[in-house]
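Chain and residue survey
Single-letter residue listing:
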Amino acid sequence: METSPTTQKKFRWWFLLAPVVLVGGLIWFNSSHPRQEVYTVQRHDFIQTVVASGRVETPHRIDLGSQITAQVLQVPVMEGQQVSKGQLLIVLDARESEALLAQAELQIAQAEAKLRQLREVDAPVAEQSLRQAMVTRDTVRSQHQRQQDLFKRGFIGQAALDESQKNLEVAEAALQVAVRHAAGTAPKGSDTALALATLETARASAAAAKARVSYTRISAPADGVLIARQVEPGDLVQAGKILMTLSPQATPQLVVQIDEKSMRHLQTGQAAVASLDAFPEQRFPAKLVYINPAVNAQTGAVTVKLDVLKVPAEMRQDMTASVDIQVASHPQALLIDSAAIREPYSREPWVMLVSNGKAEKRVIRTGASAGGQTEVLQGLVQGDQVLSAQSAVKAGERVRVAAP
């Protein structure tokens, strides 16, 4: 059957227009369906870490100050200097303290002399006076008895008898005084006790004065580094004022603040890898040794401390450090990029799965997250491809996957 020229001409037009229509359709499809980047679900060994930053600290610092008010004479050390235990750090004017010590030592000598006089002179004299008083009393008593006999026989009058009675009373009184004096000077007597107390008071004053003299020389209580110095020769320092701060030689610690949401993952003894912000390429091992049971109400963070197991030579007090604490290890875990998960903190996190060229909403169950990856416990299999959470593609729409 032959076609007319008109029909042949129409076929030729359709033949020429078909590629144009096809190309135009492809351009329209590509413009309305741009290629989408996807994340592929894969299996890898997964180490969950908690990342935080903090500062280098020694377990404690020692603030050094003066215990007396005095003028500074010498400061033979500089800030940042390594010092040894017992090394002299500050010398204060000791003239007043030394004068007080000399006065206290003189008081000791006086108290000791008084006690020696009591034992070597007063006590023997008191004992002798007691014996003499007893003899005198006995003599006067015998005389009084004779006077009484003479009075009864009428040889003497009343006046003589009264005089004899008076002499006896005086002798009795003198004996009582001698008894008390001898008792006071005895080893356990009141005079001896008072002398001993005076001596002990003088010794205590001397000890206080000696301590005050020692306060004029401030020494390092431990080996360490002077990290602060706020005193110069000629300064008049007050008692209690901090003059220097010593960082003792000890295992440095990293003190970091961690969000309370990660607190459930932390346990003492967990290994960590840290680095100083000033030297980020140098990483060193650490170990979690302390977790503060309290949470900061303002920041919602918990303070943890890590021992530095290998101290870098560049480490200094108060340097900023970054820490990765290994809290769990999952061999061959099913992982997905965290950027693909939508509503990650809801009860039903989900992803937009690419299935047969179309987008499909898929609810998943997630596990641990670290380093931008999240463990998938349910909902996906190895090799699945999912869209970024930022993609605007809706469920049911066709998806053009970008080349890897």
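Since this is a predicted model, take the numbers as computed values, not measurements. (Residues numbered from 1 in each chain as written. Predicted model: local features only at pLDDT ≥ 70, side-chain atom pairs only at ≥ 80, totals over all residues. Heavy atoms only, no water.)

With that settled, the discussion passes to the overall build of the protein chain. In terms of helices and strands, the protein chain carries 4 helices and 22 strands. The dimensions of the protein chain, computed from C-alpha atoms along their principal axes, are 205 × 50 × 30 Å. The contacts of the protein chain with a sequence gap of at least 6 include a subset with a gap of at least 24, amounting to 73%. With the model as given, the accessible surface of the protein chain reaches about 24900 Å², and the carbon-plus-sulfur share is 54%. (Helix = DSSP H or I, 4+ residues; strand = E, 2+ residues; numbered from the N terminus. Contact = heavy atoms within 4.5 Å. Areas by Shrake-Rupley, 256 points an atom, 1.4 Å probe, with all protein chains shown as cover.)

Our next topic: the layout of surface pockets. Volume-wise, the largest pocket comes out at about 640 Å³. Lining the largest pocket are 20 residues, and of these Arg264, His265, Tyr345, Gly367 and Ser369 sit closest to its centre. Looking at the lining of the largest pocket, the elements that each hand over two or more residues are β3 (42-57) and β19 (365-370). The dominant element in the lining of the largest pocket, judged by the number of residues it contributes, is β19, at 5 residues. (1 Å grid on protein atoms, 1.4 Å probe; cavity = no way out; pocket = protein on both sides within 12 Å on 5 of 7 lines; lining within 4 Å. Points joined across faces, edges and corners; volume = space filled by probe spheres on them.)

Pairing in this open sheet of 4 strands is antiparallel, and the strands run β4-β11-β9-β6 from one edge to the other. The open sheet has two free edges, formed respectively by β4 (62-65) and β6 (82-83), since each of these has just one partner strand. Pairing of β4 with strand β11 (residues 242-248), which is carried by 4 bridges, proceeds in the antiparallel orientation. Paired with Gly65 across the two strands is Ile242, which belongs to β11. (Pairing = 2+ DSSP bridges.)

The tally for this structure, following the rule as stated, stands at 11 salt bridges. Arg61 is paired through a salt bridge with Asp318; the nearest N and O atoms lie 2.6 Å apart. Residue Arg61 is located in the loop between β3 and β4, and its partner Asp318 is located in the loop between β15 (301-308) and β16 (320-337); the two are separated by 257 residues in the primary sequence. Look at Arg61 and you get partly exposed, because its relative accessible area is 38%. Of the charged contacts in the structure, one is a salt bridge between Arg229 and Glu232, with a shortest N-O distance of 2.7 Å. Glu232 gets classed as partly exposed once you look at its relative accessible area, which sits at 41%. Taken together, the shared-partner salt bridges in this structure form one network comprising Arg137, Asp138, Arg141 and Glu172. (Salt bridge = Lys/Arg side-chain N within 4 Å of Asp/Glu carboxyl O. Buried < 20%, exposed > 50% of the residue type's maximum accessible area, 1.4 Å probe, protein only.)

Another point: the packing of aromatic side chains. Counted by the stated rule, this structure contains 0 aromatic pairs. The lysine or arginine in question, Lys305, covers the ring of Tyr290, its NZ or CZ lying 5.4 Å from the ring centre. Note that Lys361 overlies the ring of Trp350, its terminal NZ or CZ placed 4.7 Å from the centroid. (Phe/Tyr/Trp six-rings, centres within 6.5 Å; stacked < 30°, edge-to-face > 60°. Lys NZ or Arg CZ within 6 Å of the ring centre and 35° of its normal.)

Helical geometry note: an α-helix holds 3.6 residues per turn, so side chains three or four residues apart project in the same direction. With 25 residues, helix α4 (residues 190-214) extends 36 Å from end C-alpha to end C-alpha; this agrees with the ideal 36 Å at 1.5 Å per step. Those residues of α4 that fall on the buried side of the exposure criterion are Thr192, Ala195, Leu199, Ala202, Ala206, Ala209 and Val213. (Expected span 1.5 Å × (residues − 1).)

So, about the packing of helix α2 (residues 95-153) against α4. Following both chains from N to C, one finds α2 and α4 inclined at 160°, their axes separated by 8 Å at the closest point. As summarised for this structure, α2 and α4 are arranged roughly antiparallel, according to the angle between their axes. Seen from above, α2 lies across α4 with left-handed handedness. (Axes fitted to C-alpha atoms, helices over the stretch in contact; angles between N-to-C directions. Parallel < 35°, antiparallel > 145°, perpendicular 65-115°, else oblique. Left-handed = near helix turned anticlockwise from the far one by under 90°.)

Our next topic: the side chain of Gln270. By secondary structure assignment, the location of Gln270 is in the loop between β12 (253-259) and β13 (271-276). Reaching out from Gln270, the side chain makes a polar contact with the backbone oxygen of His265 at a distance of 2.9 Å. Within the structure, Gln270 has its side chain in polar contact with the backbone nitrogen of Gln267 (distance 3.0 Å). Apart from residues no more than four positions distant in its own chain, Gln270 is found in contact with His265, Ala286, Lys287, Leu288, Ile325, Gln326 and Val327. (Polar contact = N/O pair within 3.5 Å; in protein donor to acceptor, adjacent residues only side chain to side chain.)

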